[in-house]
Amino acid sequence: MEFKIKKFILKSSNSNTYLIQSEVDEKRCYLIDAGNGIEAINALQPNQNIDAVFLTHAHYDHIADIHYLLKRFPDCLIYCSLETKVALANSKLNLSFYHGTPIEYSGENIVVLNDFDTVTLYPNQKIVAIATPGHHIGCLSFQYQQFCFTGDSLIPEIAVVTKLKTGNKEAALNSIAKLKIHLDLNTIIMPGHGEQINYGNLNWDFFFN
Ligand SMILES: [Zn+2]
């Protein structure tokens, strides 16, 4: 495989941050979420950059290290939905206010993505944003090669949490159904919490019962 994906867990909330590195261009690296950006950045080689972070949503446990990331890599772009951009700028909306360390960020380097927008990570390798609202109205999943990073929109064997602000159970189930139809059988689901799982091994019915 010419690229690799490493996972870093923010222990206080068990949330996953993923680091994408590629032999195609070793300097360019990417993050999915930034809950544990510190360990992900510490894992980089001296010549490596984080070119962009893709936020599945703005809840505190997925953005905790965003300021650290931007301090280390001021040119880093933040790709997210419009609702995530709004929540990122408001510590009550991103819930960090209620967890001891308020996080608020708004800057010119935020790029809003809509459903099925794509971003080129490496030549001929795009990441696809898939709108998966429900856990939060602004949730995105990201499909890259055979992987799909689902954030809190799809966590194996865990009902989607929809009781937080803008949560919606019906939307959450529609989003899971959307992923089930859109993703192919070879997909490896990379959730925002817990372990990765192959599409075929996922108990999809769990969510609909
Ligand atoms: Zn969340």
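Residues numbered from 1 in each chain as written. Predicted model: local features only at pLDDT ≥ 70, side-chain atom pairs only at ≥ 80, totals over all residues. Heavy atoms only, no water.

Our next topic: the overall build of the protein. Regarding its fold elements, the protein presents 6 helices and 12 strands. Computed over C-alpha atoms, the radius of gyration of the protein comes to 16 Å, within 12% of the 17 Å expected from 2.2 N^0.38 for 209 residues, which places it in the range of a compact globule. Here the C-alpha coordinates of the protein stretch approximately 50 × 40 × 30 Å along the principal axes. In the protein, of all internal contacts separated by at least 6 residues, the share reaching a separation of at least 24 is 58%. Summed over its atoms, the accessible surface of the protein is roughly 9,800 Å², and 51% of this surface lies on carbon and sulfur atoms. (Helix = DSSP H or I, 4+ residues; strand = E, 2+ residues; numbered from the N terminus. Rg over C-alpha atoms; globule rule 2.2 N^0.38 Å. Contact = heavy atoms within 4.5 Å. Areas by Shrake-Rupley, 256 points an atom, 1.4 Å probe, with all protein chains shown as cover.)

On to the coordination of the zinc ion, then. Listed as protein donors to the zinc ion are His 57 (NE2), His 59 (ND1), His 135 (NE2) and Asp 152 (OD); their distances from the metal cover 2.1 to 2.5 Å. In the primary structure, the donors to the zinc ion are separated according to the pattern H-x1-H-x75-H-x16-D. Taken together, the residues span a long stretch of sequence, with His 57 in the loop between β4 (49-54) and α2 (60-63) and Asp 152 in the loop between β10 (147-151) and α5 (169-182) at a distance of 95 residues. Of the two residues examined, His 57 and Asp 152, each falls in the buried class. (Donors = N, O, S within 2.8 Å, 3.2 Å for Na, K, Ca; no water. Buried < 20%, exposed > 50% of the residue type's maximum accessible area, 1.4 Å probe, protein only.)

Here we come to the UniProt feature "domain: Metallo-beta-lactamase" (unreviewed entry) in the protein. UniProt's entry tags residues 14-193 with the feature "domain: Metallo-beta-lactamase" (unreviewed entry), counted in the numbering of this structure. Between the C-alpha atoms that bound residues 14-193 there is a distance of 6 Å. The span itself is 21% helix and 29% strand. (UniProt positions renumbered as here; feature names shortened; annotations may be inferred.)

Here we come to α5. The terminal C-alpha atoms of α5, which comprises 14 residues, lie 20 Å apart, in line with the 20 Å expected from a rise of 1.5 Å per residue. Among the residues of α5, those classed as buried are Ala 172, Ser 175, Ile 176 and Leu 179. Along the axis of α5, the buried positions cluster into a sector of 95°, meaning they face one direction only. Along α5, exposed side chains directed more than 90 degrees from the buried face belong to Glu 170 and Ile 181. Where α5 is buried, its residues contact β8 (125-131), β9 (140-144), β10 and α6 (205-208). (Expected span 1.5 Å × (residues − 1). Arc of directions from axis to C-beta.)

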